[in-house]
Amino acid sequence: MDTTTILVDILWFLSLNIEFSSEDNQAKYICLGDIVNHCVRADLLCIKKLHERCDGMLLKVAGFIETVDSIKRKEVRLNTRLVYTQQKANLLQDEAEGWARSFALLHTLGVHEHSYDCAALTKTVTSLIGTYNLDPCRFCELILDAYEHDLTNIVYSELLKIFSSQLVIVRALAFRFRCFQSSQQTEATPEHVYRLAAELLQNRIIRIEELYESLAGETQRTEGISKASYRDGTDDQHAWENSNKKGTSILRQVPFSASCSISASSQNQILGLIKALLSKGDWSNAKKIIDRLAELGVNPLEAESVARSLCTMIGRKISMSYASIVPWADKKDRSKRDEVIFPLSREEFELLLSAGPYLGNDVIVFTRSVRVITAHFAALEQQAAFQDNIQRARLEEVVGRVLLPALTLIPSNPALAMEMWALLQHMSYTSRFRSYFQWRQALTQKDCQQLASSRANAERETKSVMRRLSKDKDIIKEFGRKLGKAAHCAPLEVFHTVVSQIEAYNNMISPVVESFKFLSNFGLDVLTFVLIEALAKSRTRLKQDGTNISMWLSSLATFCGLVSKKYNGFELTALMQYICNQLKDRQSIDLLVLKEVLSSMAGIEVLSNLTEQQIESRCGTEVLQRMSASCSVGNVQLTLKMKHKGLDRLRAALTAKDQCLIPLLVLIAQARSWIIFHSEFSQLKIISDLFDKCTETLMQYVEFIVQSHTVVQMADILPPLSDLVNKYHVGVDIAFLVYRPIFQNIIHPKPGCSELEYMQQIALDVGNKVYTWDELNGIVKACFPPHVWHHVTPAFVLNFWSLSAYDIYIPRTQYEVELSKLHSERSRIQKSAMREPSQSSGGKLKRELERNSQTISELQAEVEKHERVVAEVDRRLKRESDTWFMSTAEEGKSDLINIILEACILQRAMLSHIDSIYCHRFLLKLNSMATKNFSTVEYFIKLLSSRSTGASTPGVVTPIPVLVHIIFSCTENEANHVGKFLCQTFQTLDQWTDKAIYENECKCMPGFSSCFGNAQSRPISHEEFVRITYRWLLKATRAFLNCLESDEYMHIRNSLIVLNRVSHVFPKLRKCGQHIEKRVAEIKLGDSRADLKTMAEAYLASLSKQKGTWKGDDELIGGSVSKTKLVSVQRRTQEQREASGTNSTVHERSPNLHKSGHKSGRIDERTQRQDVTVAGKQRTSNSNHNQTVQNFAEDKRMPSNALNSTLNTASTTNRSIHDTNISESRRKQDTRQLLSDKKERSLDNDNKEHKIMREPREVKGKNDYLRGGRGTEQSGEQSKEVLANTSKRKKQY
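Residues numbered from 1 in each chain as written. Predicted model: local features only at pLDDT ≥ 70, side-chain atom pairs only at ≥ 80, totals over all residues. Heavy atoms only, no water.

Hey, could you run me through the overall build of the protein in this one?
Each helix and strand counted, the protein has 63 helices and four strands in total. Of the accessible surface of the protein, which amounts to about 60,300 Å², a share of 51% is contributed by carbon and sulfur atoms. (Helix = DSSP H or I, 4+ residues; strand = E, 2+ residues; numbered from the N terminus. Areas by Shrake-Rupley, 256 points an atom, 1.4 Å probe, with all protein chains shown as cover.)

Just checking my understanding: could you explain helix α19 (residues 346-355) for this structure?
Along an α-helix, a turn takes 3.6 residues, which lines up residues three or four apart on a common side. All of the buried residues in α19 are E348, F349, L351, L352 and A355. Relative to the axis of α19, the buried residues are bounded by an arc of 160° and lie together on one face. Buried residues belonging to α19 abut α15 (283-295), α16 (304-317), α20 (363-382) and α21 (389-408). Of the residues flanking the end of α19, it is G356, one or two places downstream, whose phi is positive at about 60°. (Buried < 20%, exposed > 50% of the residue type's maximum accessible area, 1.4 Å probe, protein only. Arc of directions from axis to C-beta. Contact = heavy atoms within 4.5 Å.)

Teacher, can you tell me more about the packing of helix α26 (residues 491-504) against helix α28 (residues 521-535) here?
The description of two helices packed together rests on the angle between their axes and the distance between the axes. Between α26 and α28, the least distance of the axes is 9 Å, while the angle of their chain directions is 50°. Taken together, the axes of α26 and α28 are oblique relative to one another. For the pair α26 and α28, the sense of crossing is right-handed. Of the residues in α28, those touching α26 at P491, L492, F495, H496, V499 and E503 are F522, G523, V526, L527, F529, V530, L531 and A534. (Axes fitted to C-alpha atoms, helices over the stretch in contact; angles between N-to-C directions. Parallel < 35°, antiparallel > 145°, perpendicular 65-115°, else oblique. Left-handed = near helix turned anticlockwise from the far one by under 90°.)

Help me understand the packing of helix α8 (residues 136-149) against helix α10 (residues 166-178) in this model?
One can describe the packing of α8 onto α10 by two numbers: an axis separation of 10 Å at closest approach and a directional angle of 60°. The orientation of α8 relative to α10 falls into the category oblique. The hand of the α8/α10 crossing is right-handed. Of the residues in α10, those in contact with C137, C140, E141, L144, D145 and E148 of α8 are V168, I169, A172, L173 and R176. A breakdown of the residues in the contact of α8 with α10 according to their chemical character gives seven nonpolar, no polar and four charged. (Nonpolar A, V, L, I, M, F, W, Y, C, P; charged D, E, K, R; others polar.)

For this particular structure, what's the right way to read helix α1 (residues 3-20)?
For α1, which comprises 18 residues, the first-to-last C-alpha distance of 26 Å matches the rise-based estimate of 26 Å (1.5 Å per residue) to within 8%. Elements that come into contact with the buried residues of α1 comprise α2 (26-41), α3 (47-53) and α4 (56-62). (Expected span 1.5 Å × (residues − 1).)

Would you mind going over a positive patch on the surface with me for this structure?
A surface patch of like charges, here positive, comprises R73, K74, R77 and R81. Mapping R77 onto the fold places it in helix α5 (residues 68-84). (Patch = residues over 30% accessible without salt bridge, like charges linked within 9 Å, V, L, I, M, F, W, Y side chains within 5 Å. Salt bridge = Lys/Arg side-chain N within 4 Å of Asp/Glu carboxyl O. Lys, Arg positive; Asp, Glu negative; His and termini not counted. Charge placed at Lys NZ, Arg CZ, Asp CG, Glu CD.)

Would you explain the pattern of salt bridges in this entry?
Side chains that carry opposite charge are capable of pairing whenever their charged atoms lie near each other. Under the defined criterion, the tally for this structure stands at 46 salt bridges. R207 is the partner of E209 in a salt bridge, and the nearest nitrogen-oxygen pair spans 3.4 Å. The class of E209 is partly exposed, set by a relative accessible area of 38%. Looking at R207, the relative accessible area reads 43%, which means it is partly exposed. Among the charged side chains, a salt-bridge network with shared partners connects R207, E209, E210 and K288.

Where do I start with the state of the cysteines in this structure?
One covalent bond between the sulfur atoms of two cysteine residues makes up a disulfide. Taken as a whole and judged by the stated rule, the model has zero disulfides. For the unlinked cysteine C904, the closest cysteine sulfur is that of C919, found at 8.5 Å. With a relative accessible area of 2%, C904 lands in the buried category. (Disulfide = S-S within 2.5 Å.)

Any chance you could explain the pairing of strand β2 (residues 769-772) here in plain terms?
Regular strands have side chains that alternate between both faces of the sheet. By the bridge criterion, four bridges tie strand β1 (residues 762-766) to β2 in an arrangement that is antiparallel. Residue pairing across strands places D765 opposite V770, the latter belonging to β2. What sits between the antiparallel neighbours β1 and β2 is a turn of two residues, in which G767 has the positive phi angle 60°. (Pairing = 2+ DSSP bridges.)

It is not clear to me how the packing of aromatic side chains should be interpreted in this structure. Could you clarify?
Between two aromatic rings, the relevant description is the distance of the centres plus the angle of the planes. Under the criterion given, the structure shown has 37 aromatic pairs. Where F1025 meets W1032, the ring centres are 6.1 Å apart and the plane angle is 80°; that geometry is what we call edge-to-face. As far as the burial class goes, F1025 and W1032 line up, both buried. We note R539 situated over the ring of W552; from NZ or CZ to the ring centre the distance is 3.7 Å. A cation over an aromatic ring shows up here: R908 above the ring of F800, its NZ or CZ 5.7 Å from the ring centre. (Phe/Tyr/Trp six-rings, centres within 6.5 Å; stacked < 30°, edge-to-face > 60°. Lys NZ or Arg CZ within 6 Å of the ring centre and 35° of its normal.)

Explain unusual backbone geometry here, please?
For residues other than glycine, phi is negative in most cases, and the peptide bonds are mostly trans. A cis amide bond links F1066 with the next residue in sequence, P1067, at an omega value of 0°. Summarising the element assignment, P1067 is placed in the loop between α53 (1049-1061) and α54 (1070-1086). Of note, the phi angle at A930 is positive, near 55°, even though the residue is not glycine. Along the chain, the position of A930 falls in the loop between α47 (913-928) and α48 (936-945).

How do you make sense of the environment of E158 when you look at a structure like this?
Mapped onto the elements, E158 comes out in helix α9 (residues 154-160). Each C-alpha atom, one on E158 and one on L121, is 9.1 Å from the other, the two residues being 37 residues apart in sequence. Look past the residues within four positions of E158 in its chain and what remains in contact with it is C118 and T122.

What is the right way to read the confidence of the model for the protein from this model?
Low pLDDT marks regions whose predicted coordinates should not be analysed in detail. The predicted model of the protein averages 76 in pLDDT, with 75% of residues at 70 or higher. When pLDDT is averaged over each helix and strand of the protein, the minimum, 34, is found for helix α58 (residues 1145-1149) and the maximum, 94, for α28. Across residues 949-959, confidence stays below pLDDT 50; counting only partners more than four residues off in sequence or on other chains, it has 21 contacts. Contacts from residues 1238-1280, a stretch scored under 50 in pLDDT, to residues over four places away or in other chains number 93 contacts. (pLDDT = per-residue confidence, 0-100.)

Looking at this structure, I do not really get a nonpolar patch on the surface. What am I missing?
A contiguous nonpolar patch, built from I6, I10, W12, F13 and L14 and spanning about 450 Å² of accessible area, is present on the exposed surface. Structurally, the position occupied by I6 is in helix α1.

Sorry, what's going on with the side chain of S431 here?
Summarising the element assignment, S431 is placed in helix α23 (residues 429-444). Residue class for S431 comes out buried when judged on its relative accessible area of 9%. Engagement of the side chain of S431 in a polar contact is seen with the side chain of E396, the distance being 2.9 Å. (Polar contact = N/O pair within 3.5 Å; in protein donor to acceptor, adjacent residues only side chain to side chain.)

Looking at this structure, I do not really get the environment of K1084. What am I missing?
Structurally, K1084 can be placed in helix α54. Put simply, K1084 and A1096 are twelve residues apart on the chain and 5.5 Å apart in space, counted from C-alpha to C-alpha.

Structural data, given as structure tokens:
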């Protein structure tokens, strides 16, 4: 806009203000008129513009007009002529000759289109119109009529360009459409009218905006057209309506007035125009109309005819690319086969994306599109251009938004499913699953009625099949085919329905898995996505009781295991990556899926309730383990074949591109820590169960790694041992468990080499793990705290953690049992062969006999090999054992036995039953090898009698047995393992109470020396050992009673688990058994927790079977020195000790054994009283005798010189005869006084301990402890903190 126009508008606005003001405006008008005159004289204004824009009053004042009325009369006449006067064409004034010439010219153009020059022809037409005064509008209509019947003639389009205004052509074209819009008109709009409009739009003679507005003005406004008016009205469209359960249309209506909509029977000319544009290939104009309708919520592609037109256009666009990749392309495209058109153009991508799922309306075009996209993927991969994110994103978008949804609209077609899988194989599983997710979104949206109908049909068909599916093979075959047929093109909805059914009914898992044998690889890949999607849903994974896993999760885990085992097309890599992601989010419950997969595919199971025979068999060879697991000989080869196949598949999945083999191992190992310290649950029982399940899965996974990889492969993929412990915070027990197969290849030095040569020798050379002994010892030292190495050497720790039960123990009994079974089976087969001499049965029996003989030979050979291995390990350990332990005489260092227990024994014994057997056998091996500086007696004292100091109240020190700490800090599985370890311990002690066995195995060993560390000291006699064992049993009984009398749920539960494990070897003393039985009976009758009552009842039943084997105190210590002499001996020994001023040897060699801080004088005094009590028990009444035993068992402290008093008994027996002359009265008086003092002291200790134990409850209020069955609700911040602290101390190494 120029300055003159702006100034005129300003003057006009000022004149309006003057006109509508209430004041006298005459003077203002005069002033404004003068301003206008000055501007005109200064050439700032144009008089013509003033006449156009200003009112009459201003023009009169300025002197440009005489009167105002004259200008108003001119305006009225002009408006009347322009608006109200009807334009009539005088047809009679047109000369017939002019029209005749025009008709002849247009007809000639239709016959000889190439014989005329367009410029000359345009001049001829113009002269005809001017010479004969022809109506231009009518001439334009004549041209359109001729063009309508000969659309290929471009001359007509050139003639139409002579009309300066497009409005003439648009009006003529709109008149043709209006002729068929009348309600009385039954004839449909001819196709040639749509083609004419499309041709004019494509040649840019008219614009789509002008034509669209013309049509909209004649069709009651397009904005009011509902979706129903865009349907073709054909019969197949009624199926869309039936997809809704209520029978009404699923499609939502456009939010406009219903009065503005056209009925479904009216002809929709916009759809016809879109089809014509698409058929002409004019995508730009067609897209404008489609986008305009999309803004109104209308999708014209819902009309099948429009969708097919778009598919046809896409087919023409990609024909060149398709001809270049297939040899059987159309003949007209075959000449272009050598021209590889990749990448696809932007317009081709846009066409495919615009078609969306409606590409499925044309199966041929859909198939060609899939093949072209597949070739596009291959071309990009070959050209190393697949890293181009733009091209990759375009292709994946086409797959997810177009091809997969379009596949749903196509009836079941296995060939198309295979074509689609050939395309998807070029994509990673993450890209495929992203495309499946887009497919899911397209199915759940309701703007596509055809997809909604296909989805409903697939769901209905799947439910019909699932209702009839059973375990019958014929039914599985019949309905499995139907399920596979439905899943070829609509797998997403089919598997979603199947998974929903499995979550609710777990008995359908087996038949469903069997029916999947008719699925394609494409279907199995979609099944993986559906399963992961179902597992990842945000819903509770525990039942309402808060302790058990939900049924849906356990069902899906079992289903995943069976499907992954049976079908190779199942995407295991994606499932393993999902488990890794869940562990990163600290969701350990999903490890159940990994556990089921490992059990199904690799045949690796961690059985929590193994029999004693099976536990023993697992210490042997692989053949023995298989046979003990009740695996029939005939199925061994098949099982092994399937197992190796599953191992290979699972290894390939974990070592694929993502390489999640080792990350998954580290994540599971780390989960054992954060389950305890960072769990979202507060109940100890839930935390315990989660920890057990995590450990079981970890043991399975480590076993899988060992079985599926060679030692060299393991060495190459595993990070260094010190990194596992210190960098990745994996427990020492798990780190050495993983490295144990590698450490089996340690090159042990030859005897006789010097220390320097030993350190420089190669210790390990496996894969990329090459270490000298100096480096290997440094790695082992880095895994433990520094104080560990004050008493032990890295060689001992390395030997302990690198060996297995197979290396040091031979389960001969189990070998003999299995060999006897095989020989019995052989006899049976031979007898059967004699009874059935037929050829068919004879051949079968012959094969069975051969397998039996082969198994016997293998087992015998493995027994011999096992014996050689154990013998070799024994020789090596005996040669190296002298350098394992340093001298314990130096003060200020950690106790040797404590180090062995904490750093080695307890950590490994809690892992599994096999490790508990190994720990006990290794300790027996230390004793049998006469290991230097190792005391076997001291070990049992630490394990069964030693006490640690714990303070529950500031300033109050309470001695707590170590066994109580061990039991309380255990989970359920760990308690079972500890029970197995203690069972062997008690069993060994019971065997050593036999004098012959003791004399043979123990008496000559330095571990049973009366003065530890003194080579000249005498060994402990059998009688002395029996008395020491008696004390150990009493202390162990007291520890179990402490746990059973506790208010803590974990104390009671774990103690019952351990007691149940050791029921056949402990308790052996009748009085101890009666006390335990009484307390457990109270739990059974009085405890409100159902699970504890059940466990107590089971233990009482087991205990009642062992009552006949219980012994009294006299029976256990019978045959030893008489108690009368024992009193004299102990008194004389005490007098000698006091005279010499020496302390007990036990106290000297183990200054840290007792942490309660008792003075030596107090200990000696207490020892004298206990010794006199033992002597006085023989002469007291039965009630006093029982009370004395009970008081002794309830003693809260262990005197450090008690062992020394007993050990010196045998050496002073002959010198104690004069003590028998002590008067009976004096002896009775002393006994009664000591019993009274001891009883008072015991009661005081009990009161203090119970007070200390209960004070936290009084301070913090009543805690809700775990209740049985429904998983005890423990408010339990204190209990959880106690468990975390004890577990932290236990796993700090």
